[in-house]
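Chain residues, written in single-letter form:
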Amino acid sequence: MNLGWLKSILFCTLAVLAHTAEARLQGQARIDSLLRQLPAASADTNKVLLLNDLAQSYKNIDPGKGIAYAKQQLQLATVLGWKRGEALAYHRLGVNSQYRYDYNKAIEYDQRALELYQLLNDKGGVAGVEMSLANINSQMGNHAKGLEYDLKALRIFEELHDKRNIAITQGNIGNIYQVMGRHREALAYDLQALKIFEELDDRSGVARNLANVGNVYLLLGDAGRALDYNRKALGMFEELGEKHGQGTVTGNIGEIYFAIAADSTGRLSGGPGIPKNKQEALRLAIDHLEKGVIICRQISMLGGVAEFSSILSKAHKLAGNYQQALYYARQRTSLQDSLFSQETIQKISMIDERKGRELSEKALEVQRLQLRATRNERRYYIAGLALLVFVSAGLFRSFRSARRNKEQLEEKNRLIAIEKENADMLRHRAERSEQFQQQFLANMSHEIRTPMNAVNGMTDLLLDKNPRPDQLRYLQIIAKSSDILLHIINDILDLSKIESGKLELESIDFLLEDTIRQVKETLSFRAEEKGVQLISKIDAAIPDVLLGDPFRLNQILINLGSNAIKFTERGSVTIEVKPVTNTAGHVSLQFHVTDTGIGIPADKMDKLFHSFKQVHSSDSRVYGGSGLGLSISRQLIELQRGEITVSSTVGVGSTFSFELSYPVGSAERLREKMLEEQKAEGSVLNGLRILLVDDNEFNRMVAAETLRLRAKVHIEEAINGEEAVKMLQANDYDVLLMDIQMPVMDGLEATKYIRSNLAAPKRSVPIVALTASLLRGNIEMCTAAGMDSYVPKPFKAWQLIAALAEVTGRKGAKVKGERVNSTPTKVPA
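What you are looking at is a predicted structure, and each value in this text was computed from that prediction instead of being measured.

Peer 1: Which parts of the structure should I look at to understand helix α7 (residues 143-160)?
Peer 2: Its 18 residues give α7 an end-to-end C-alpha distance of 26 Å, which sits within 8% of 26 Å, the value for a rise of 1.5 Å per residue. Burial in α7 covers these residues: H143, G146, L147, Y149, D150, A153, L154, I156 and F157. Two residues or fewer past α7, H161 is found with a positive phi of approximately 60 degrees.

Printed below as a string of structure tokens:
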């Protein structure tokens, strides 16, 4: 895994090397055919195209000759005044220069080709050159520039509806994103490319992209999917007889198994198709890596041999086979040094070739001068010249050898410096990407939750004002719909937390019976609406109090139960809990959610637990839902070291089962906690002077009306932090309700100003944050700024009252009919 972002480059490089070897065999035959046609060709556009084909064919075999033919092509096209022929020639010069590693010259030629194609308004030509420029910039390490050119090319190909080139460009973009460490974006483009290759029935393209997708999944920590995609790719490469693909993908599978065996975090274990025994995973890793090395050796794919030998060395070391580990480590070092210097030696050889030609020309000039001398003097001059040539040759060889060694060393140091610079750049980009993701989630949470607060709050206010029976039904539908939307928003945020490894589990005492009851209450409205019977069964042998995270268990069961009700038109949905093991102090429970719904076809099972996926593309329209519930449930279960399975029969129903382990909780500790948690009644706030600060008029109305309906309070309003500071300086308030994101001065800035610049006692006034973001980082920022508590938007009345009562020291009384938190209502005996 420590070679992560290099994986995509390795696969593409190995494919190119194998393709180059094959191209040499096929290309030579084509070159011979073109050379036979050239002498008979007339000096017109057909000859230009013939020279273009020759230049193209020589790029893999002898790019120097390719450049020579491209220059002839350019000269003839210029004489003919054929601009398109000139554009073709410049592009061919660029491609052959790239294959000679003369990147600056390649960019110069391709830029000229690009200008001509733009002048001709040839969009296909423009896109082709932009793809070439993207490739050159990526090889030079300028990945951002390469990405820019590929995205431009993609837009043109989409405009031209050129599916094959769309897929190729999307694959190139995926590779660049992978190198840049932006794995989610890489996955999106690779999957799009894969879909198009499948539509085109291009099996070779499908196989390559399956392997690319699998490699991205490994970088994302999803070893199960990485294995699945690479196995499919291997099967297709074997059918096609493509040895380079077989060697690379076999080695890829070995690397995935090694990552599972070496994983100490538990992130890569427990998924479908993943060996639970690390020894078995290690055995499979060694077996596949050795097969990969053998295949790569057979086709002289030395890069693959070096890469997989490196991993094999680590695998044998982990298995305790130290002699084998040393053998493969030496193989890798030897091959890597050879591959590292290959490009440098080729560049130096080209320089030597040019210098050699210059020296030969000078030597010939010397000989011509000597021949003009007299007959008698010629003998001495020839002897002297021979001696001079002999000595010069020896000195030249020594000089060239020393120069070559020096240039090789300088080139190696330069490449090392470039690699270090690229690694630093990727690290900085990864850090910026993480910051951007957190900022995006915070902004999204705020922008969606803010209007949701107004919708939920206004609906609750209207429900509290005894609406007419016909109005009551409409308001209940609005409340239910807004709760569903809020549930989807929370699903998206939870998915992001899980995938980034930032979701934390609670460990508190809870009553299993109350958790199941809460789930049943939540689902009952939807079940009654559809006429579906909702049943719950809890085995009496299960201890009453458990220690764990009841909120996440509640979320899992609600997701599974809601999904079951959604696809059940008649009959029942049953939630059943059974003990698997029940030892002193610990219990393993098996949960079953069974429905009598439409069932799931066997060939659609693999879509069930994928994010944003439904069994049928029309399900989201017919049944509703985001396609996130099952994915989040699976990940929450795996986060608690469990595993979810499903069995189903079409037309009969489905059963989702999972197993979780819990320590037995303390009934006494739970009782004490429940007695301590008092519910706040609105009247406890009577007499408070409150400054409400929010730039959204509707949110101010919701908060103010919610408090005025339940308590006798004096409320004044401000629309931003700057106005709030001025009002606090001029008036006395018992507490401030402060929104976080506002124009002019936001809530955090205003709080910091109050705590740092106002005199006592105003600098100590309690401040409660009204925040639409529940991300831990944003809540910690509230605390760091000096806020005393926070209330999430959308909020319930009890949440607002409880927070205000706590920060003003007025905790104690009870709220009628409303619960302060999710603790059980049944007090354990």
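Past the structure itself, the notes keep going.
Peer 1: Can you walk me through the sheet that holds strand β12 (residues 789-792) in this structure?
Peer 2: The pairing of strands in a sheet comes from backbone hydrogen bonds and takes either a parallel or an antiparallel form. Pairing in this open sheet of 5 strands is parallel, and the strands run β9-β8-β10-β11-β12 from one edge to the other. Edge strands, defined here as strands with exactly one partner in the open sheet, are β9 (714-718) and β12. Strand-to-strand twist of the sheet, defined as the mean angle between neighbouring strand axes without regard to direction, takes the value 20 degrees. Relative to β9, strand β8 (residues 689-693) runs parallel, the two sharing 5 bridges. The residue bridging V693 from the neighbouring strand is A718, located in β9. Strands in contact with helix α23 (residues 697-710) are β8, β9 and β10 (735-739); relative to β9, the strand with the most contacts, it is inclined by about 175 degrees.

Peer 1: How do you make sense of unusual backbone geometry when you look at a structure like this?
Peer 2: Between A760 and P761 the backbone carries a cis peptide bond, its omega angle lying at 5 degrees. Its place among the elements puts P761 in the loop between α25 (747-757) and β11 (767-771). Not every positive phi belongs to a glycine, and H161 is a case in point at roughly 60 degrees. Looking at the secondary structure, you find H161 in the loop between α7 and α8 (163-179). Its identity is not glycine, yet R641 carries a phi of approximately 65 degrees, on the positive side.

Peer 1: Please explain the sheet that holds strand β7 (residues 653-663) as it appears in this structure.
Peer 2: Taking strand neighbours across the sheet as the criterion, the 5 strands line up as β2-β4-β5-β7-β6 in an open arrangement whose pairing is mixed. A strand with exactly one partner marks an edge of an open sheet, and here the two such strands are β2 (533-538) and β6 (644-649). The sheet shows a mean angle of 15 degrees between the axes of neighbouring strands, direction not considered. Here strand β5 (residues 586-595) runs beside β7; their pairing, made up of 9 bridges, is antiparallel. Paired with Q590 across the bridge in β7 is E659. Its contacts with the sheet place helix α18 (residues 512-530) against β2, β4 (572-583) and β5, and it is angled at close to 170 degrees to β2. Taken strand by strand, helix α19 (residues 550-566) contacts β2, β4, β5, β6 and β7, and its axis lies near 175 degrees from that of β7.

Peer 1: Help me out: how do you make sense of the pattern of salt bridges in this one?
Peer 2: Taken as a whole and judged by the stated rule, the model has 30 salt bridges. Close ionic contact of E108 with K105 constitutes a salt bridge, the shortest N to O distance being 3.8 Å. Residue E108 and its partner K105 are located together in helix α5 (residues 103-119), separated by 3 residues, close to a single helical turn. For E108, a relative accessible area of 47% corresponds to the partly exposed category. Take K105: its relative accessible area is 32%, and that puts it in the partly exposed class.

Peer 1: What is the right way to read the pairing of β4 from this model?
Peer 2: Regular strands show a simple pattern: their side chains alternate between the two faces of the sheet. Examined bridge by bridge, β2 and β4 share 6 bridges and lie parallel to one another. In the strand pairing of β4, L534 is matched with V573. One ladder, built from 10 bridges, connects β4 with β5; its direction is antiparallel. Across the sheet, the residue bridging to V573 is D595, located in β5.

Peer 1: Would you take a moment to explain helix α10 (residues 203-219) for this structure?
Peer 2: Its 17 residues place the ends of α10 25 Å apart at the C-alpha level, agreeing with the 24 Å of an ideal helix rising 1.5 Å per residue. Most of α10 sits out of view: 15 of its 17 residues are buried. G221 sits one or two positions beyond α10 and adopts a positive phi of about 85 degrees.

Peer 1: How should I be thinking about the side chain of E242 in this particular structure?
Peer 2: Considering the arrangement of structural elements, one finds E242 in the loop between α11 (223-240) and α12 (243-262). Despite its burial, E242 remains without a salt bridge, the nearest opposite charge being carried by R208 at 5.1 Å. Sequence-distant contacts of E242, that is, excluding residues within four places in its chain, are made with S204 and F237.

Peer 1: Got a minute to help me understand the confidence of the model for the protein in this structure?
Peer 2: Reading fine detail from the predicted coordinates is not recommended where pLDDT is low. Within the protein, residue pLDDT values average 78, and 73% of them lie at 70 or more. Within the model, pLDDT remains below 50 along residues 1-25, and this stretch shows 44 contacts once partners closer than five positions in the same chain are excluded.

Peer 1: Where do I start with the packing of aromatic side chains in this structure?
Peer 2: Using the criterion set out here, one finds 7 aromatic pairs in the structure. A ring pair is formed by Y90 and Y109, whose centres lie 6.5 Å apart and whose planes are at 35 degrees; its orientation type is tilted. Highlighted residues: Y90 in helix α4 (residues 83-99) and Y109 in helix α5, separated in sequence by 19 residues. Accessibility assignment for this pair places Y90 and Y109 in one class, buried. Judged by centre distance (5.6 Å) and plane angle (25 degrees), the ring pair of Y217 and Y229 falls under stacked. Taken together, the positions of Y217 in helix α10 and Y229 in helix α11 put the pair 12 residues apart, joining distant regions of the chain. Side by side, Y217 and Y229 carry an identical accessibility label, which is buried. Here K232 stacks its cationic end above the ring of Y229, 5.6 Å away from the centre of that ring.

Peer 1: Hey, could you run me through the packing of α23 against helix α27 (residues 797-807) in this one?
Peer 2: For any two helices packed against each other, one specifies the inter-axial angle together with the distance between the axes. Where α23 contacts α27, the axes come no closer than 10 Å and their chain directions differ by 80 degrees. Classified by the angle their axes make, α23 and α27 are roughly perpendicular. Contacts between α23 and α27 pair A703, T706, L707 and R710 from the former with A797, L800, I801 and L804 from the latter.

Peer 1: When you look at the pairing of β10 in this model, what are you seeing that I'm missing?
Peer 2: In terms of burial, β10 is a largely internal element, 5 of the 5 residues being buried. Here β10 shows two buried faces, one formed by V735, L737 and D739 and the other by L736 and M738. Note that β8 and β10 share 4 bridges and pair parallel. What sits directly across from L691, in β10, is L736. Here β10 runs beside β11; their pairing, made up of 4 bridges, is parallel. Each bridged residue has a counterpart across the sheet, and for M738 the counterpart in β11 is A769. Handedness of the crossover is the feature at issue here: the chain leaves β10, passes through α25, returns alongside β11, and the resulting connection is right-handed.

Peer 1: Explanation requested: the environment of D788 in the structure shown.
Peer 2: Along the chain, D788 turns up in the loop between α26 (776-785) and β12. Judged by relative accessible area, D788 falls into the partly exposed class, the value being 45%. Taking the C-alpha atoms as reference points, D788 and V765, 23 residues apart in sequence, are found 9.4 Å from one another. In contact with D788, other than residues within four places in its own chain, are R755, V765, P766, I767 and V807. Looking at D788, its side chain comes within polar contact range of the main-chain nitrogen of I767, at 2.8 Å.

Peer 1: Could you clarify how one ought to interpret the packing of α5 against helix α6 (residues 123-139) in this entry?
Peer 2: With their axes 9 Å apart at the nearest point, α5 and α6 run at an angle of 160 degrees to one another. The orientation of α5 relative to α6 falls into the category roughly antiparallel. For α5 against α6, the interelement crossing comes out left-handed. Across from Y103, A106, I107, D110, Q111, A113, L114, Y117 and Q118 in α5, the residues of α6 making contact are G125, V126, V129, E130, S132, L133, I136, N137 and Q139. A breakdown of the residues in the contact of α5 with α6 according to their chemical character gives 10 nonpolar, 6 polar and 2 charged.

What counts and how
Residues numbered from 1 in each chain as written. Predicted model: local features only at pLDDT ≥ 70, side-chain atom pairs only at ≥ 80, totals over all residues. Heavy atoms only, no water. Helix = DSSP H or I, 4+ residues; strand = E, 2+ residues; numbered from the N terminus. Expected span 1.5 Å × (residues − 1). Buried < 20%, exposed > 50% of the residue type's maximum accessible area, 1.4 Å probe, protein only. Pairing = 2+ DSSP bridges. Axes fitted to C-alpha atoms, helices over the stretch in contact; angles between N-to-C directions. Contact = heavy atoms within 4.5 Å. Salt bridge = Lys/Arg side-chain N within 4 Å of Asp/Glu carboxyl O. Lys, Arg positive; Asp, Glu negative; His and termini not counted. pLDDT = per-residue confidence, 0-100. Phe/Tyr/Trp six-rings, centres within 6.5 Å; stacked < 30°, edge-to-face > 60°. Lys NZ or Arg CZ within 6 Å of the ring centre and 35° of its normal. Parallel < 35°, antiparallel > 145°, perpendicular 65-115°, else oblique. Right-handed = clockwise from strand over helix to strand, strands pointing away. Polar contact = N/O pair within 3.5 Å; in protein donor to acceptor, adjacent residues only side chain to side chain. Left-handed = near helix turned anticlockwise from the far one by under 90°. Nonpolar A, V, L, I, M, F, W, Y, C, P; charged D, E, K, R; others polar.

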